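What follows is each chain in one-letter form.
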Amino acid sequence: MAQINTRKRNGKWEYRFEIAGMDGKRKQKSKGGYRTKAEALKAGTQALNLYNNAGVTNESKEAEMSVRDCMEAWYESYVKMNLGLSSQKAYRSLIDNHIIPTIGKYRMNSVTFTALQGLIDQKSASGFKESTLTTIKAILKGFFRYEFNAGLIYQNPAQNIYVSRSVKKNEGKISTPSVKAYTRKEMDEFEKKLQNKPAWYPFMIGYYTGMRAGEIFALTWEDIDLKNRTISITKTILSKKKESRGSTSYILSSPKNDSSVRTIKYGESLEAVFRRFKIQCHENEMLYGTYYTRIYANAEGRLYERFKSESVEDGLKNVNLIMRKDNGCIFSQNSMYSDLRELFGGEFRFHNLRHPYVKPTTKKYLFFLVPMIQLS
């Protein structure tokens, strides 16, 4: 077995031990800069143990960096390059608010399974939903797998972390809102209450198509084929708070996944909704005149609002969004949810409109298909 030797060079101590030779030549591993002989011997012992257990030593600068710095680099080089904007936003929030405050100060080569599992268990005990805990686990596993495959750490401490079964069974404080299939009577009551609210339009589209809210609010009039009664779903809309003024910016992005890009058909009932809305938008534009707001997007999909009378910067392209306020400004999902909370409190969940259309395999879902196949 290799022995650790120490020596003093230029006022600092260095350790040295022999490693596997290559091409018949002997090779040694060494590192200096230690203040005392004891420090050099301790570091050499650790390095030799790593070498004997893993076949390599890892004393790269990255391994000595903090989790925070390495995770920031991973977010820029991997997350931004490979994940959609909605996933980037979710990752960013969990990293900033939960992961970095807990383990960000650790050195990369000192993180253990216990520390990572403890993070998840701590959030579980605090009442986090299973979906949030699962995403935290995915971030940790993806990050440490990336660092391990890149050779920056000698083992992956996140490989076996898990979300406990008690969370998956919704025990204790954990509870996930159940999916509810609304009755036809409930849907009619919701529609009547929303008749004079802007939220009536996205509600009706969701009711007849089962589209996601983000997909509905990203629709433009070019996506609607009134003649053939089809909707082309090619994008979604994301919102992001601006730190400087507290306002919100909007971005048109690719859908959740490739299968989300699709064309769906609709019947006469929804056609009537679209025609009514288009007429109303035209009347609003005539009423507001030069003070009507038009919406533009840059090459990255970020949306901008400008009065008709204003000049438009180069590089901006007109976007004929459907979901707009009377003055032409963007009607946001938050505004819709505000309308829904005002009328229904916690009784109504927009996302529940989707489920009958995803897998309508039981008889209790069939009434949702009536508006799509009976053209009345």
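As shown above, the structure is provided for reference.
Sequence order sets the numbering: in each chain, residues are counted from 1 along the sequence as written. The predicted nature of this model means local features are confined to residues of pLDDT at least 70 and side-chain atom pairs, given and counted, to a pLDDT of 80 or more, with totals for whole chains, interfaces and linings taken over all residues. The side-chain figures draw on all heavy atoms in the structure; neither hydrogens nor water molecules are used.

Caption draft 1: Looking closely at a nonpolar patch on the surface. Within this analysis, patches are made of residues with over 30% relative accessible area and no salt bridge. Like charges are joined at 9 Å or less; nonpolar side chains (Val, Leu, Ile, Met, Phe, Trp, Tyr) at 5 Å or less. Areas reported here follow the Shrake-Rupley algorithm with a probe of radius 1.4 Å; residue values treat only the protein chains shown as occluding. Any Lys or Arg side-chain nitrogen located within 4 Å of an Asp or Glu carboxyl oxygen qualifies as a salt bridge. Taken together, the side chains of Leu287, Tyr288, Tyr291 and Phe307 define a hydrophobic patch exposed on the protein surface, amounting to about 460 Å² of accessible area. Its place among the elements puts Leu287 in helix H11 (residues 268-288). Per the convention used, a helix needs a DSSP run of H or I reaching at least four residues, while a strand needs a run of E reaching at least two, with both numbered from the N terminus.

Caption draft 2: Fine view of the sheet that holds strand E5 (residues 230-233). Between any two strands, at least two bridges found by DSSP are needed for them to pair. Taking strand neighbours across the sheet as the criterion, the three strands line up as E4-E5-E8 in an open arrangement whose pairing is antiparallel. Here the strands that pair on one side only, and so sit at the sheet edges, are strand E4 (224-225) and strand E8 (262-265). Sheet topology places E5 next to E8; four bridges connect them, and they run antiparallel. If you follow Thr230 over to E8, its bridge partner there is Lys265.

Caption draft 3: Up close: the sheet that holds strand E9 (residues 293-297). Strand order in this open sheet of three strands is E10-E9-E11, and the pairing throughout is antiparallel. Both edges of this open sheet fall to strand E10 (303-307) and strand E11 (317-318), since each of them pairs with a single strand only. Across five bridges, E9 lies against E10 in antiparallel orientation. Across the sheet, the residue bridging to Ile295 is Glu305, located in E10.

Caption draft 4: A look at unusual backbone geometry. Even without being a glycine, Asn10 presents a positive backbone phi close to 55°. Checked against the element boundaries, Asn10 lands in the loop between strand E1 (5-9) and strand E2 (12-22). Note on classification: 1.4 Å probe, protein chains only; a residue is buried when its accessible area is under 20% of the maximum for its type, exposed when over 50%, partly exposed between these limits. Of the residues examined, Asn10 reaches a relative accessible area of 81% and is grouped as exposed. Although it is not a glycine, Arg229 sits at a positive phi angle of roughly 55°. The residue Arg229 is located in the loop between E4 and E5 in this model.

Caption draft 5: Quick look at the packing of helix H3 (residues 67-82) against helix H4 (residues 85-103). The axes are straight lines fitted to the C-alpha atoms, using for helices just the contacting stretch, and the angles between their N-to-C directions are given from 0 to 180°. Contact geometry for H3 and H4: axes closest at 11 Å, N-to-C directions at 170°. Between H3 and H4, the angle falls in the class roughly antiparallel. Of the residues in H4, those touching H3 at Val67, Arg68, Met71, Glu72, Trp74, Tyr75, Val79 and Lys80 are Gln88, Tyr91, Arg92, Ile95, Asp96, Ile99, Ile100 and Ile103. In this classification, the charged set is Asp, Glu, Lys and Arg, the nonpolar set is Ala, Val, Leu, Ile, Met, Phe, Trp, Tyr, Cys and Pro, and all remaining amino acids, among them Gly, are polar. Each residue belonging to the contact of H3 with H4 can be placed in one class, and the counts come to 10 nonpolar, one polar and five charged. Oblique is the label for any angle not covered by the other classes, which are roughly parallel (under 35 degrees), roughly antiparallel (over 145) and roughly perpendicular (65 to 115). The contact criterion used throughout is that any non-hydrogen atoms of two residues lie within 4.5 Å.

Caption draft 6: Summary view of the nonpolar core. Ile224, Ile231, Phe274, Leu303 and Met323 are the most contacted members of the largest nonpolar core, which has 45 residues in total. Secondary-structure elements contributing two or more residues to this core are helix H8 (184-194), helix H9 (200-209), helix H10 (213-217), E5, strand E7 (248-253), H11, E9 and helix H12 (333-344). By residue number, the principal contributor to this core is H9, which donates seven residues. Among all residues touching Phe274, those that are not within four sequence positions of it are Ile205, Trp221, Ile224, Leu226, Ile231 and Tyr266. What makes a nonpolar core is a set of buried Ala, Val, Leu, Ile, Met, Phe, Trp, Tyr and Cys residues whose side-chain atoms join them at distances within 4.5 Å.

Caption draft 7: Layout of the packing of aromatic side chains. Here a Phe, Tyr or Trp ring, Trp counted by its six-membered ring, pairs with any other such ring whose centre lies within 6.5 Å, and the pair is stacked when the planes are under 30 degrees apart, edge-to-face when over 60, and tilted otherwise. Scanning the entire structure with this criterion turns up 16 aromatic pairs. Three or more aromatic residues joined by ring pairs make a cluster, and in this case those are Trp74, Tyr78, Tyr91, Phe143, Phe144 and Tyr146. Geometry around Tyr75 places Arg92 over its ring, the cationic atom sitting 4.4 Å from the centre. Whether a charge sits over a ring comes down to the Lys NZ or Arg CZ being within 6 Å of the ring centre and within 35 degrees of the ring normal. Sitting over the face of the ring of Trp200, Arg276 holds its NZ or CZ atom 4.2 Å from the ring centroid.

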